[in-house]
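Analysis of the macromolecular model
For reference, the chains in residue letters:
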Amino acid sequence: LLAILVLILFLKDIKPTIVIAVSIPISLIFAIAMMYFTGVTINIISLGGLALGVGMLVDNSIVVIENIVRLRNEGMSAKDASIEGAREIAGAITSSTLTTVCVFLPIVFVKGISRQIFVDMGLTIAYSLLASLIVALTLVPAMASNMLKKTSEKRNRLFDRFTELYSKMLKWALGHRAVVMLFVVALLGLSVYLGLSLGTAFIPDMDAPQMSVTIEMSKEATREDTIAMSDKVMDRIMGIEGVETV
């Protein structure tokens, strides 16, 4: 719902927003179906992957619908604009999606506890993104060819100001390429330095409201001795301030 709200604020038109909004649940249902067939359960990690994927699901559809609307405003018919608009950027969004999938997919080939923890997230993100690509190249143009027969000329003044400012910044950057490249190299060096100075850990330290105690008895101790010692230890632990239950 938040993603759709952002789309309405920027697109200022309900029809393109509906087209994009439809792609979100379809992509998620596709991902859940693929999870079922590959044995991935719905858990905290896989839900985290789906939540992470929701923000990226609309990217492909937004690029497609924006290009279709642009061609539509240039005078093309809704059907021709939908076909040509999707065709023009098919390669770009395919490479973009596969690049993101390739970032998460190597987790599948990791072994040990890292695989057990993160493989569900990697698979769900990959499934949802591949689904969004399929939807963006098929469903979005099909819906746009019917829903965008009449175009809206509403202007977003705030966004227009932003594009004007960005245009000026872009002209300056193209005129001072050496400065931009030096800045990027310095930013890269700073990123590497800060990244290495952070240190590494498998899981961050967390405060947990619980603790465990292990009692090791001598080999000669009987079951009754062990029970008696356990009771004694529990009584002493209950005497510690802040302990509620044992």
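This text goes with the structure placed above it.
Now for a quick tour of the structure. None of the values given here were measured: they were computed from a predicted structure. Counting starts from 1 at the beginning of each chain's written sequence and moves along it residue by residue. Since the coordinates come from a predicted model, pLDDT governs what is reported: local features require at least 70, and pairs of side-chain atoms require 80 or more to be given and counted, while whole-chain, interface and lining totals use all residues. The basis for every side-chain value is the complete set of heavy atoms in the structure, and neither hydrogens nor water enter the calculation.

**Observations concerning helix H6 (residues 157-175)**
For clarity, the cut-off: Each helix is a run of DSSP H or I of at least 4 residues and each strand a run of E of at least 2, with the numbering of both proceeding from the N terminus. The span you would expect from a helix comes to 1.5 Å times its residue count less one. Classification of residues uses two cut-offs on accessible area relative to the type maximum, computed with a 1.4 Å probe and protein chains only: under 20% is buried, over 50% is exposed, and between them is partly exposed.
Taking 1.5 Å of rise per residue, the 19 residues of H6 would be expected to cover 27 Å, and the 27 Å separating its terminal C-alpha atoms lies within 8% of that figure. Across the 19 residues that make up H6, only a small minority, 0, are buried.

**As for the side chain of Ser23**
For clarity, the cut-off: In the analysis that follows, any N or O atom pair within 3.5 Å is treated as a polar contact, provided that within protein one partner can donate a hydrogen and the other can accept it, and provided that, for residues neighboring in sequence, both atoms belong to side chains. Two residues qualify as a contact provided that any one of their heavy atoms is within 4.5 Å of a heavy atom in the partner residue.
With respect to the element layout, Ser23 can be found in helix H2 (residues 14-37). At 2.5 Å, the side chain of Ser23 forms a polar contact with the backbone oxygen of Ile20. Only 3.2 Å separates the side chain of Ser23 from the side chain of Ser61, close enough to count as a polar contact. Setting aside its immediate chain neighbours within four residues, Ser23 contacts Ser61 and Val135.

**Here's the deal with H2**
In this model, H2 (24 residues) spans 36 Å end to end at C-alpha, consistent with the 34 Å of a helix rising 1.5 Å per residue. When H2 is considered as a whole, its buried residues turn out to be Pro16, Thr17, Val19, Ile20, Ala21, Ser23, Ile24, Ser27, Ala31 and Met35. Buried residues along H2 sit in contact with helix H1 (2-11), helix H3 (44-73) and helix H5 (113-147). Remark: Gly39 follows H2 within two positions and exhibits a positive phi of approximately 80 degrees.

**Overview of a nonpolar patch on the surface**
Test applied: Excluding any residue in a salt bridge, patches collect residues exceeding 30% relative accessible area, merging like charges within 9 Å and nonpolar Val, Leu, Ile, Met, Phe, Trp and Tyr side chains within 5 Å. Per-residue and other accessible areas follow the Shrake-Rupley method at a 1.4 Å probe size, with only the shown protein chains counted as cover for residues. Here a salt bridge means any side-chain nitrogen of Lys or Arg lying within 4 Å of a carboxyl oxygen belonging to Asp or Glu.
Together, Leu2, Leu5, Val6, Leu9, Phe10, Phe159, Phe162, Tyr166, Leu170 and Leu174 make up an exposed nonpolar region whose accessible area comes to about 1000 Å². Put simply, the parts of the chain that give the nonpolar patch at least two residues each are H1 and H6.

Structural measurements only, silent on function.
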